[in-house]
Amino acid sequence: MLIDTVGMSTLFLPDLQYHFHDMDPNWVVNHAYNVASYILEHDNPIKDGETVADGQMCREIQWKCQYEDALIQPPRGVLDINMGKYASGGR
C-alpha cells in the first residue's frame, strides 16, 4: 500500500510518503495526519535521517525518515517514512 499526503508542497513543506504492508491503512493515515500537523506547526523540523515514533503502537520503535522523489504524481520531493518491518520496496 502507498499513502501520500499530496498538498503540503503548496505550503512549502514536504509531503509525506509511506509504502508498507501488513498494517491497517486507516492507522497509517492517522499517523500521517499527526506527522503532517507536527511539520506544519513546527515549520518542518525533521531532517534527513532523523526518526519519528511509530505513534500509539510503541514509543520505543522509531521509523527513519528520508527525503526522496515521490512514487506517485505529481513529481516532487517527499519525506519518506520507512516503517521498518512493515516497509515495502527499496529505498
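As shown above, the structure is provided for reference.
What you see is a predicted model; the values in this text were computed from it and never measured.

Asker: Explain a nonpolar patch on the surface to me, please; I cannot follow it from the model alone.
Answerer: A surface patch of nonpolar side chains, about 310 Å² in accessible area, is lined by Leu2, Val6, Leu71 and Ile72. Within the secondary structure layout, Ile72 lies in the loop between β4 (62-69) and β5 (77-82). Given the relative accessible area of 34%, Ile72 is considered partly exposed.

Asker: Even after reading the chapter, I still don't get the pairing of strand β2 (residues 15-19), so can you show me in this structure?
Answerer: The side chains of a regular strand alternate, first on one face of the sheet and then on the other. Taking burial as the measure, the five residues of β2 include five buried ones, the bulk of the element. Sheet topology note: the strand β1 (residues 2-4)/β2 ladder contains three bridges and is antiparallel. Following the sheet pairing, Leu2 is matched in β2 by His19. Taken together, the three bridges between β2 and β5 define a ladder with parallel strand orientation. By the bridge assignment for β5, Gln17 is matched with Asp80.

Asker: I tried to follow the side chain of Asp15 on my own but got confused; where do I start?
Answerer: In this structure, Asp15 sits in strand β2. Of the residues examined, Asp15 reaches a relative accessible area of 0% and is grouped as buried. Within polar-contact distance, the side chain of Asp15 engages the backbone nitrogen of Val6 at 3.4 Å. A polar contact of 2.7 Å, which involves the side chain of Asp15, links it to the backbone nitrogen of Met8. Once residues lying within four places of it in the same chain are set aside, the contact partners of Asp15 are Asp4, Thr5, Val6, Gly7, Met8, Ser9, Arg76, Gly77, Val78 and Leu79.

Asker: I would appreciate a short explanation of the sheet that holds β1 in the present structure.
Answerer: Sheets are built from strands that pair by backbone hydrogen bonding, the pairs being arranged parallel or antiparallel. In space, the five strands of this open sheet follow the order β1-β2-β5-β4-β3, with mixed pairing throughout. On the outer flanks of this sheet lie β1 and β3 (51-53), each paired with one strand and no other. Pairwise comparison of adjacent strand axes, ignoring direction, gives a mean angle of 30° for this sheet. Packed onto the sheet, helix α1 (residues 25-41) meets β1, β2, β3, β4 and β5 and runs at close to 155° relative to β2.

Asker: Could you clarify how one ought to interpret unusual backbone geometry in this entry?
Answerer: Across residues other than glycine, the phi torsion is negative in most instances, and most of the peptide bonds are trans. The step from Gln73 to Pro74 runs through a cis peptide bond, and the omega angle for that step is 0°. For Pro74, the position within the fold is in the loop between β4 and β5. Residues other than glycine seldom take positive phi values, yet Asp22 does so here, at roughly 60°. Given the relative accessible area of 67%, Asp22 is considered exposed. The backbone of Asn44 sits at a positive phi, close to 50°, despite the residue not being glycine. For Asn44, the location among the structural elements is in the loop between α1 and β3.

What counts and how
- Residue numbers restart at each chain and count upward from 1, following the sequence in its written direction.
- With the structure being a predicted model, the display of local features is reserved for residues of pLDDT at least 70 and the display and counting of side-chain atom pairs for 80 or more, all residues being used for whole-chain, interface and lining totals.
- Hydrogens and waters are ignored; side-chain quantities use all the structure's heavy atoms.
- Patch building starts from residues that exceed 30% relative accessible area and form no salt bridge, then joins like charges within 9 Å and nonpolar side chains (Val, Leu, Ile, Met, Phe, Trp, Tyr) within 5 Å.
- Methods summary: accessible areas were calculated by the Shrake-Rupley approach with a probe of 1.4 Å, and residue burial reflects only the protein chains presented.
- When a carboxyl oxygen of Asp or Glu lies within 4 Å of a side-chain nitrogen of Lys or Arg, that pair is called a salt bridge.
- The way it works is that DSSP assigns letters per residue, a run of H or I at least four long becomes a helix, a run of E at least two long becomes a strand, and they are numbered from the N terminus.
- Three exposure classes are used, based on accessible area relative to the maximum for each residue type with a 1.4 Å probe and protein chains only: buried under 20%, partly exposed in between, and exposed over 50%.
- Strands qualify as paired when DSSP identifies two bridges or more between them.
- By the criterion applied in these results, polar contacts are pairs of N or O atoms within 3.5 Å in which, for protein atoms, one can donate a hydrogen and the other can accept it, and in which residues neighboring in sequence qualify only through two side-chain atoms.
- Residue contacts follow a heavy-atom distance rule, with two residues in contact if any of their heavy atoms lie within 4.5 Å.
- Fitting a line to C-alpha atoms yields each axis, with helices limited to the stretch in contact; the angle taken between N-to-C directions then spans 0 to 180 degrees.

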